[in-house]
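Letter by letter, the chains look like this.
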Amino acid sequence: MKYEHIIFDIDGTLLDTEFAVLHSLQDTAMLYLNKHISTDELNFALGIPGEVTLANLGIKDVKDANKCWNDKMVKYQQHIRLFDGVRNMLDALHNKGCKLGVITSKTREEYETDFIPHGVGHYFDSVLCVDDSAKPKPNPDPLLTYLKRNGVLAKDVIYIGDTLYDSMCAHSAGVDFGLALWGCHNSNNIKCEYQFESPDKIVMEYGKQ
């Protein structure tokens, strides 16, 4: 696996945010829709932009509800953590000279509040949030924007994520995709060039022909 850039999704790939995301969304749905929705029914929200999720739930004022959702995430902050091995992986790839990037469905504000406090932001040369491209994942726009900004060809990057949307975004942009199995709920029908059982497997593969 030889690429100039390795680009990562955040939620479900670098950060374990599932408990916080789903429970704060559950609270938000109760407030706006006045009904209890199980976290199993809310799993579709993982990996897509917040406003898309809220619209799919039938909430009208998605901007206000998204702010509410972010505010309620604070209650569950103690459940958010880096997946085991992520910090060591980023350090090892950085030391090998690999350029690291992020493409996330988080807004810039969410990136700053949810991700930066974990102390690994300095590893990334380029970060694209949901508001940095015309259309969000699964459209190719985020990756096409990344390629243009960094002056790099599609063949020279790999995108690593945990959802079908991540895979669709990568392949629509002509970019190879690596599936992060440690954060993936169901790998069936997710097209990928690589499957990684744990973060250290990425380090082991990097540099191989």
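Please refer to the structure placed before this passage.
The structure reproduced in this document is the subject of the present report.

Rules used in this analysis
- Residues numbered from 1 in each chain as written.
- Predicted model: local features only at pLDDT ≥ 70, side-chain atom pairs only at ≥ 80, totals over all residues.
- Heavy atoms only, no water.
- Helix = DSSP H or I, 4+ residues; strand = E, 2+ residues; numbered from the N terminus.
- Rg over C-alpha atoms; globule rule 2.2 N^0.38 Å.
- Buried < 20%, exposed > 50% of the residue type's maximum accessible area, 1.4 Å probe, protein only.
- Contact = heavy atoms within 4.5 Å.
- Areas by Shrake-Rupley, 256 points an atom, 1.4 Å probe, with all protein chains shown as cover.
- Pairing = 2+ DSSP bridges.
- Right-handed = clockwise from strand over helix to strand, strands pointing away.
- Axes fitted to C-alpha atoms, helices over the stretch in contact; angles between N-to-C directions.
- Salt bridge = Lys/Arg side-chain N within 4 Å of Asp/Glu carboxyl O.
- Core = buried A, V, L, I, M, F, W, Y, C linked by side-chain atoms within 4.5 Å.
- Disulfide = S-S within 2.5 Å.

Let's talk about the overall build of the chain
For the chain, the helix and strand inventory stands at 8 helices and 8 strands. Computed over its C-alpha atoms, the radius of gyration of the chain comes to 17 Å, within 12% of the 17 Å expected for a compact globule of 209 residues. Across its three principal axes, the chain shows a C-alpha extent of roughly 55 × 30 × 30 Å. When each of the 209 residues of the chain is scored for burial, the buried share is 51%. Across the chain, every contact between residues at least 6 apart in sequence was considered, and the portion connecting residues at least 24 apart equals 63%. By element, 48% of the accessible surface of the chain is carried by carbon and sulfur atoms, the whole surface being about 9900 Å².

Remarks on the pairing of strand 7 (residues 176–180)
By the criterion of burial, strand 7 is predominantly enclosed, with 4 of the 5 residues buried. Of the pairings in the sheet, the one linking strand 6 (residues 157–161) to strand 7 comprises 4 bridges and is parallel in character. Bridge assignment links I158 to a residue of strand 7, and that residue is D176. Following the chain from strand 6 across helix 7 (residues 164–172) to the adjacent parallel strand 7, one finds a crossover that is right-handed.

Remarks on the sheet that holds strand 8 (residues 194–196)
The 6 strands lie next to each other as 5-4-1-6-7-8, forming an open sheet whose pairing is parallel. Every interior strand has two partners, whereas the edge strands, strand 5 (126–128) and strand 8, have only one. For this sheet, the mean inter-axis angle between neighbouring strands, taken without regard to orientation, is 20°. Pairing of strand 4 (residues 99–103) with strand 5 involves 3 bridges; the strand directions are parallel. Along strand 5, the bridge assignment pairs I103 with L128. Contacts from helix 4 (residues 86–95) reach strand 1 (5–8) and strand 4 within the one sheet, and its direction differs from that of strand 1 by about 160°.

Some details on the pattern of salt bridges
Enumeration over the complete set of coordinates arrives at 11 salt bridges. Two residues, K137 and D166, come together in a salt bridge whose shortest N-O distance is 2.7 Å. Within this pair, whereas K137 is found in the loop between strand 5 and helix 6 (141–150), its partner D166 is found in helix 7, the two being separated by 29 residues in sequence. Note on K137: relative accessible area 4%, which makes it buried. Put simply, D9, K137 and D166 are held in one network by salt bridges that share partners.

Concerning the environment of S198
Examined against the element boundaries, S198 turns out to sit in the loop between strand 8 and helix 8 (199–205). In this structure, the C-alpha to C-alpha distance between S198 and D84, residues 114 residues apart in sequence, is 8.4 Å.

Here we look at the side chain of D156
Locating D156 in the fold gives a position in the loop between helix 6 and strand 6. A relative accessible area of 15% means that D156 is categorised as buried. Not counting chain neighbours up to four residues away, the residues in contact with D156 comprise Y3, E4 and H5.

So, the nonpolar core
I6, F8, L93, F124 and I202 are the most contacted members of the largest nonpolar core, which has 49 residues in total. Mapped onto this core, the elements with two or more residues apiece are strand 1, helix 1 (18–33), helix 3 (62–73), helix 4, strand 4, helix 5 (108–115), strand 6 and helix 8. Counting residues in hydrophobic clusters, the runner-up holds 17 residues, among them I7, A173, C184 and I190.

A word on the state of the cysteines
Inspection of the entire model under this criterion finds 0 disulfides. The structure places no disulfide on C129, whose sulfur is separated from the nearest cysteine sulfur, that of C169, by 14 Å.

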